[in-house]
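Next come the chains, spelled out residue by residue.
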Amino acid sequence: MKETFKDLLAGCKLWRVWSRLATREIQLSVKRTVLGPLWLIIHRIFFAIAFSFLGAVLWGTKPGLNIDVLIGFMVFSTMIGYLQSANTALISTVNFTDSGLPVSVRFLKPWAKEFQLSVLSGGVLLITSIATGTFGLTTILLLIALTILMSLWGLGLMFAISPAALRFRDVAQIVTFASTILMFFSPIFWKIEDIKNKELAQNLLTFNPVADFIFVFRDLINLGTLNTDFLVRGSIQTLVILLLGYISFAIARRRIPYWT
Amino acid sequence: MTHINLDSVTIKFDLHNPYTMNLKRAITSMFGGENNYISSITAIDDLSLDLPAGSRIGLIGENGAGKTTLLRVLAGSLPPTKGKISSQGSMQSFIGSPLHGLDIEMSGYENIEYVSLINNHRVKKGSTTFNDIAEFTGLKERLSDPVFTYSSGMRARLRFSILTAFTPDILLLDEGIGAADFAFSAQAKVRLQEFLGRAGILVLASHSPDFLKQFCDSGLWLSSGKIVESGSIDQIYANYVKSMQEKNQAQS
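Chemist: So what about the interface of chain A and chain B? Which residues, and what values?
Modeler: Contacts between the two partners involve 24 residues from chain A, matched on the other side by 29 residues from chain B. Here chain A packs against chain B, burying approximately 2,500 Å² in sum over the two surfaces, 57% of which is carbon and sulfur. On inspection of chain A and its partner chain B, the count reaches three salt bridges. Among the salt bridges present, the one from Asp 103 of chain B reaches Arg 24 of chain A, with a minimum N-O distance of 2.5 Å. At the junction of chain A and chain B, the tally comes to five residue pairs in polar contact (both at pLDDT 80 or more). Listing elements by their share of the side of chain A that touches chain B, those giving two or more residues are helix 2 (15-29), helix 7 (169-185) and helix 11 (256-259) of chain A. Ranked by residues supplied to the side of chain A that touches chain B, first place goes to helix 2 of chain A with six residues.

In structure tokens, the structure reads:
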């Protein structure tokens, strides 16, 4: 555990390296495009529009971009981004093996990329708060705090899942289809009030790790308030995932170079 | 004080059938089912080594002797399966080259900052180190152009100039660092000598006797992950060559 902590600390000290590498990866993914990193947000917005129309077809709501759907999809895609990144973190950083960098950097660099993308999503949500009339210093600060909380959730997930996904590629396959299923089980384009079997919907939401964050962000952007119930559940979830991630990293750290 | 110490270090790689290395096998093997383990390779076998400051050691051996694996252990990239390793001092290792490579979309100037950063050195544009690197490349105004417009020789010059600009306490080199085209090599040789000379500890793996004898004073002959012999580089290399010749004669 002591060596694990040292590795983490050494990795954190190299934040300039992995944050720069993460930025570079984002830049390369949109190189030679006119809109650049905006493409990363545009496709999420178009998905939100598509889901809004789906919601309009299913529940008879007004067609057009639904703010709740936009918020839900932004939060969901950020969290799933962390999940998908966790799936491939150690595989995508295989060239770090002989670099002499701490093992934790192989987790921190993909995490940094998703964090930077989440900041872009946060920018979209901030602009949305102008439309809902909740824009202000409180909203900005709370948005920053919630984005950081979500990123810590993603960090724990990174450490928890990546070693397993490296060792057994089945895990990567399971995570991929699980994240697709999670999209339909998350309250993005549907609300509990619209569902006939409310008890089942409530159970789904109880065990859905993404739901709490969606509700917290929706309340913040729509009402300018912080839903403490969902926040507490989301925070507990984050702490548990961070702890599991640390334990997973401690167990797998020495074996990772052999599995690569 | 710069030093590296290896105490009874063993590196063992387990070989698994990659086509059956899956979750199902992992679970069924726990209950007595077939697992996909094939065999294991002991790349380093109970090796102890103490390198104080000032060590200039050359690793000699056939392909598969364990030279690169030993370098990876010294670099901290490969934790030992058994045994302990302790080291003190800043480390720079050139084992393989993926992360020391250039970003071809960036300009030469940007690569100086970028590659330096990856090697844990902050080199800001306009600083003395930055200017020294830029000047040594000899690329002048081409440094403003993206690297994908460079020839292979120009890329090698740029990479070499950046990587030899720093002073690590411990330097690990696998099969050399490479220099550029013929016209550059005289300057590169002097710079390489200075670079290798500045290191507190140098461990160099190479098949080139000239390279080994020029920069190392002691040698370590490895075979099948074990130390066969250690001593002065001239003596060790001579013994190694003699052994290889005897082996070739015996085979023929």
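Chemist: Go over the pairing of strand 9 (residues 226-232) of chain B with me, naming the residues and quoting the values.
Modeler: All names here are of chain B. Relative to strand 9, strand 8 (residues 218-223) is paired through six bridges, and the arrangement is antiparallel. Each residue of the ladder has a partner; that of Leu 220, found in strand 9, is Ser 230. Between the antiparallel neighbours strand 8 and strand 9 lie two residues, among them Ser 224 with a positive phi of about 50°.

Chemist: An account of the packing of aromatic side chains is requested, with residue identities and associated values reported.
Modeler: Residue and element names in this part refer to chain A. Summed over the entire model, instances satisfying the criterion amount to 19 aromatic pairs over all chains. Measuring from ring centre to ring centre gives 5.4 Å for Phe 51 and Phe 73, while their planes differ by 35°; the resulting arrangement is tilted. Residue Phe 51 is located in helix 3 (residues 38-59), and its partner Phe 73 is located in helix 4 (residues 67-92); the two are separated by 22 residues in the primary sequence. The pair Phe 51 / Phe 73 is uniform in exposure class, with both members buried.

Chemist: Could you give an account of the environment of Asp 234 of chain B, naming the residues involved and the relevant values?
Modeler: Residue position: Asp 234 of chain B is located in helix 8 (residues 233-251). With 20 residues separating them in the primary sequence, Asp 234 of chain B and Gln 214 of chain B have C-alpha atoms 10 Å apart.

Chemist: Residues and numbers for helix 8 of chain B, please.
Modeler: Residues and elements named next belong to chain B. The terminal C-alpha atoms of helix 8 lie 27 Å apart, and with 19 residues this matches the ideal 27 Å at 1.5 Å per residue to within 8%. Considered for burial, the residues of helix 8 that qualify are Ile 233, Ile 236, Tyr 237, Tyr 240 and Met 244. End-on, the buried residues of helix 8 take up no more than an arc of 95°, which puts them together on one face. Set apart from the buried face of helix 8 by more than 90 degrees, the exposed residues are Lys 242, Gln 249 and Ala 250.

Chemist: Give me the lowdown on the side chain of Gln 92 of chain B, citing residues and values where you can.
Modeler: Residues and elements named next belong to chain B. Within the secondary structure, Gln 92 sits in strand 5 (residues 91-94). Within polar-contact distance, the side chain of Gln 92 engages the backbone oxygen of Leu 163 at 3.4 Å. What Gln 92 contacts, discounting residues up to four positions off in sequence, is Asn 119, His 121, Leu 163, Phe 166, Pro 168, Ile 170, Leu 171, Leu 172 and Phe 195.

Chemist: Would you mind going over the packing of helix 4 of chain A against helix 5 (residues 105-132) of chain A in detail, with residue names and values included?
Modeler: Any two packed helices are characterised by the angle at which their axes cross and by the distance between the axes. All names here are of chain A. Orientation of helix 4 relative to helix 5, taken along the N-to-C sense of each, is 175°, at an axis distance of 9 Å. With respect to helix 5, the axis of helix 4 lies roughly antiparallel. Here Ile 67, Leu 70, Ile 71, Met 74, Thr 78, Gly 81, Tyr 82, Ser 85, Ala 89 and Leu 90 of helix 4 come into contact with helix 5, specifically with Arg 106, Phe 107, Pro 110, Trp 111, Glu 114, Phe 115, Ser 118, Ser 121, Val 124, Leu 125, Thr 128 and Thr 132. Counted by class, the contact of helix 4 with helix 5 contains 13 nonpolar, seven polar and two charged residues.

Chemist: Got a sec to walk through the confidence of the model for chain B? Specific residues and values, please.
Modeler: Residue and element names in this part refer to chain B. Residues of chain B with pLDDT of at least 70 account for 89%, and the chain-wide mean is 84. Counting contacts from residues 179-183, a segment whose pLDDT is below 50, to residues more than four positions away or on other chains yields eight contacts. The complex model carries a pTM of 0.85, and its ipTM stands at 0.77.

Chemist: Tell me what's going on with the packing of helix 1 (residues 2-13) of chain A against helix 10 (residues 228-252) of chain A, and back it up with residues and numbers.
Modeler: Residue and element names in this part refer to chain A. Viewed as axis vectors pointing N to C, helix 1 and helix 10 meet at an angle of 105°, and their least axial separation amounts to 9 Å. It follows from the interaxial angle that helix 1 and helix 10 lie roughly perpendicular. Contact with helix 1, carried on its side by Thr 4, Phe 5, Asp 7 and Leu 8, involves Tyr 246, Phe 249 and Ala 250 of helix 10 and no other residues of that element. Split by residue class, the contact of helix 1 with helix 10 holds five nonpolar, one polar and one charged.

Chemist: Can you lay out the environment of Glu 25 of chain A for me, pointing to particular residues and giving the numbers?
Modeler: Residue and element names in this part refer to chain A. Residue placement: Glu 25 occurs in helix 2. Judged by relative accessible area, Glu 25 falls into the partly exposed class, the value being 30%. For Glu 25 and Lys 113, which are 88 residues apart along the polypeptide, the C-alpha to C-alpha distance reads 7.6 Å. Not counting residues within four places of it along the chain, the set of residues in contact with Glu 25 comprises Lys 109 and Lys 113.

Chemist: I'd like a description of the side chain of Ser 206 of chain B, backed by residues and values.
Modeler: All names here are of chain B. Here Ser 206 is to be found in the loop between strand 7 (201-205) and helix 7 (209-215). Judged by its relative accessible area of 6%, Ser 206 falls in the buried class. Ignoring sequence-local partners within four residues, the contact set of Ser 206 consists of Leu 59, Glu 175, Phe 211 and Leu 212.

Chemist: Explain the sheet that holds strand 7 of chain B residue by residue, including any values.
Modeler: All names here are of chain B. Read from one edge to the other, the open sheet built from six strands follows the order 5-6-7-3-8-9, with strand pairing classed as mixed. The sheet is open, and its two edges are formed by strand 5 and strand 9, each paired on a single side. The mean angle between the axes of side-by-side strands here comes to 15°, regardless of whether they run parallel or antiparallel. With five bridges joining them, strand 6 (residues 170-174) and strand 7 adopt parallel strand pairing. Paired with Leu 171 across the bridge in strand 7 is Leu 202. Seen against the sheet, helix 2 (residues 67-75) touches strand 3 (56-60), strand 5, strand 6, strand 7 and strand 8 and runs at an angle of roughly 155° to strand 6.

Thresholds applied
Residues numbered from 1 in each chain as written. Chains lettered and ligands numbered in written order. Predicted model: local features only at pLDDT ≥ 70, side-chain atom pairs only at ≥ 80, totals over all residues. Heavy atoms only, no water. Contact = heavy atoms within 4.5 Å. Buried area = accessible area lost by both parts, 1.4 Å probe. Salt bridge = Lys/Arg side-chain N within 4 Å of Asp/Glu carboxyl O. Polar contact = N/O pair within 3.5 Å; in protein donor to acceptor, adjacent residues only side chain to side chain. Helix = DSSP H or I, 4+ residues; strand = E, 2+ residues; numbered from the N terminus. Pairing = 2+ DSSP bridges. Phe/Tyr/Trp six-rings, centres within 6.5 Å; stacked < 30°, edge-to-face > 60°. Buried < 20%, exposed > 50% of the residue type's maximum accessible area, 1.4 Å probe, protein only. Expected span 1.5 Å × (residues − 1). Arc of directions from axis to C-beta. Axes fitted to C-alpha atoms, helices over the stretch in contact; angles between N-to-C directions. Parallel < 35°, antiparallel > 145°, perpendicular 65-115°, else oblique. Nonpolar A, V, L, I, M, F, W, Y, C, P; charged D, E, K, R; others polar. pLDDT = per-residue confidence, 0-100.

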